[in-house]
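Residue-level structural notes
Chain by chain, the residues:
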Amino acid sequence: IQKFGVFLKNVKRPRPPSGRGLAATIKIAGGLRHRGMIHCGSAAIGKWGRMASRTRVWMWLAFASTALLLASCRAEEAAAAAEEEPSFVLTLDSANFSDAIAKHPFIVVEFYAPWCGHCKKLAPEYEKAAATLSKHDPPVVLAKVDVNDEANKELASKYEVKGYPTLKILKNEGKIVQEYKGPRDAEGIVEYLKKQVGPPSTELKSSDDESAHFDEKKVYIVGLFSEFSGEEFENYMTVADILRSDYEFGHTLDAKFLPRGDASVKPPLVRLFKPFDELFVDFKDFHADALQKFIVEASMPLVTMFTNDPANHPYVIKFFESDNAKALLFMNFSSENFENLKSIYHDVAGNYKGKKISFLMGDLDASQGAFQYFGLKEDQAPLIIIQTNDGQKYLKVHLEPAQIAAWVKDYMEGNVKPFIKSEPIPEVNNEPVKVVVADSLQDVVFNSGKNVESMRLCSALCEGAASVKDRARSPAAKASSSHLLPPL
């Protein structure tokens, strides 16, 4: 209707005759006047003008209505055609999920919620990628599951879906499950999955092959074998398939094609190259679990550097994904004692390698979010904080290089008290209702020797809080034990 109104506003109204047409009209009017019919002539001209104007308006109305009707019909036809157009993305649910996984040896599943904005943004890109990958040899299947549907909640739980959209790569009837860690645009999805569906490791048959795949700034794993068969090679390829989304893998029969060539090395052996610490490390245990653990652990720096350099970010992510306790040292990397403190911290990290604790060193410029999370202040740096998997935190502020080793040793032996974020202890606290903060909770509440009525308050303005305070100020309350209300 709005378009129709605009259309009518743009329609040109009929104009009165001009030029020769106007002269002819005057001449006719003059002839009619000589015959005593001028009033009729004038009326006729007026009537003709009104009739012509009305006729043109109604013609335009009819035309516009027809155009709108046709446009509406075409829009409905287009919408219907779009609805009927088949999707290349399989729709799965709890009823057909197992059959689909068994049917397709390689399938990508998106767990989504219809109301999720990120899911809506991904949908058209996911559909385009599915259309392209359906023509790949072999075809790569993309599917989706609506986890907002109550019937599919169990699937979401089974595959540890914690946010939307979550994409999982399922292989070998779901026996191998991997996180999708690629781009979210159609072209990026296609390129990433083409690599995932191909061989997990590339054979190095020449120096050119080595140069084409080895990047000194990334972790690269190469298996050296006497033949591409047997248990060692099969286990290596299995582990490469599991970890292929995180690392590049290669394999060769000739040690001279190892990056930086080393003819003295004898097969079977796995060599992991990395851009930090000792630059490469060898491993000869080909049990799948042991090999996978070695790659994951050896591919992490002894001390992860947390800076604004994007090259460090993958290692920071892996640091926080680790199951180890996490030691984080924060300081200004531009300070004079940075190199000295870094060297000592690195040595301490080496002493505790393999003992369920990981080490990170963060520059103040990149660590503002961490300071807010832990409730720390920049003037406390250099500082070290250790966080365990159960949420306990241990803090040492104004850290000196000579204190690092002793403090970490005390922590490992259980001699450091947990750090609890707290407001300052009030200097004056003589009201009937006591103010308790984290640092004073033990002394004021648990060690006071008094009966304590404890209440968590969201706001001092709450009506309930006011009534409790009123009761606490009453004579009866003052005669009994103090009432302590720790504010939240």
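Residues numbered from 1 in each chain as written. Predicted model: local features only at pLDDT ≥ 70, side-chain atom pairs only at ≥ 80, totals over all residues. Heavy atoms only, no water.

What follows is about the overall build of the chain. Summing up its helical and strand segments, the chain has 17 helices and 17 strands in all. Here the chain holds 488 residues, and 36% of them are scored as buried. Long-range contacts, defined here as pairs at least 24 residues apart, represent 64% of the contacts in the chain between residues at least 6 apart. Put simply, the chain shows about 30200 Å² of open surface, and 54% of that area lies on carbon and sulfur atoms. (Helix = DSSP H or I, 4+ residues; strand = E, 2+ residues; numbered from the N terminus. Buried < 20%, exposed > 50% of the residue type's maximum accessible area, 1.4 Å probe, protein only. Contact = heavy atoms within 4.5 Å. Areas by Shrake-Rupley, 256 points an atom, 1.4 Å probe, with all protein chains shown as cover.)

Take the confidence of the model for the chain next. For the chain, the average pLDDT comes to 79, and 75% of its residues sit at 70 or higher. Ignoring residues within four places in sequence, the model shows residues 1-48, a span with pLDDT below 50, making 21 contacts including any to other chains. (pLDDT = per-residue confidence, 0-100.)

What follows concerns the sheet that holds strand β2 (residues 106-112). As summarised here, the arrangement of the five strands in space is β1-β3-β2-β4-β5, forming an open sheet in which the pairing is mixed. Of all strands in the sheet, those with a lone pairing partner are β1 (90-92) and β5 (176-179), marking the two edges. In this sheet, adjacent strand axes meet at a mean angle of 30° when their direction is disregarded. Helix α5 (residues 117-133) contacts β2, β3 (141-146) and β4 (166-171) of the sheet and is inclined by roughly 165° relative to β2. (Pairing = 2+ DSSP bridges. Axes fitted to C-alpha atoms, helices over the stretch in contact; angles between N-to-C directions.)

Going from proline 267 to proline 268, the amide bond is cis rather than trans, its omega being -5°. Mapped onto the secondary structure, proline 268 falls in the loop between β8 (248-252) and β9 (269-273). Note the cis peptide between alanine 381 and proline 382, where omega equals 0°. Examined against the element boundaries, proline 382 turns out to sit in the loop between α13 (368-374) and β14 (383-387). A positive phi angle is found at glutamate 160, which is not glycine, with a value near 55°. In this structure, glutamate 160 sits in the loop between α6 (153-158) and β4. Despite not being glycine, leucine 279 has its phi angle at roughly 70°, a positive value. For leucine 279, the position within the fold is in the loop between β9 and β10 (280-283). Taking the relative accessible area as the measure of exposure, leucine 279 reaches 39% and is therefore partly exposed.

Let's shift gears to the sheet that holds strand β6 (residues 202-203). Either a parallel or an antiparallel arrangement is found when strands of a sheet pair, and the pairing is made through backbone hydrogen bonds. Within the open sheet, the five strands sit side by side as β6-β8-β7-β9-β10. Their pairing is mixed. Each edge of the open sheet is held by one strand with a lone partner, namely β6 and β10. Bridging between β9 and β10 involves four bridges; their strand directions are antiparallel. Considered in β10, the bridge of arginine 271 is made with aspartate 282. Relative to the sheet, helix α10 (residues 288-298) contacts β7 (220-224), β8, β9 and β10, its axis offset from that of β10 by approximately 170°.

Before going further, it helps to examine the pairing of β2. For β2, the buried fraction is high: seven of the seven residues fall into the buried class. Burial along β2 is two-sided: the residues Phe106, Val108, Glu110 and Tyr112 and Ile107, Val109 and Phe111 are all buried. Two strands pair when backbone bridges link them, and β2 and β4 are joined in this way by six bridges, in the antiparallel orientation. Its bridge partner lying in β4, glutamate 110 is registered against leucine 167. Here six bridges tie β2 to β3, and the two strands are oriented parallel to one another. Within β3, the residue paired with valine 108 across the bridge is leucine 142. One crossover worth recording links β2 to the parallel β3 by way of α5, and it is right-handed. (Right-handed = clockwise from strand over helix to strand, strands pointing away.)

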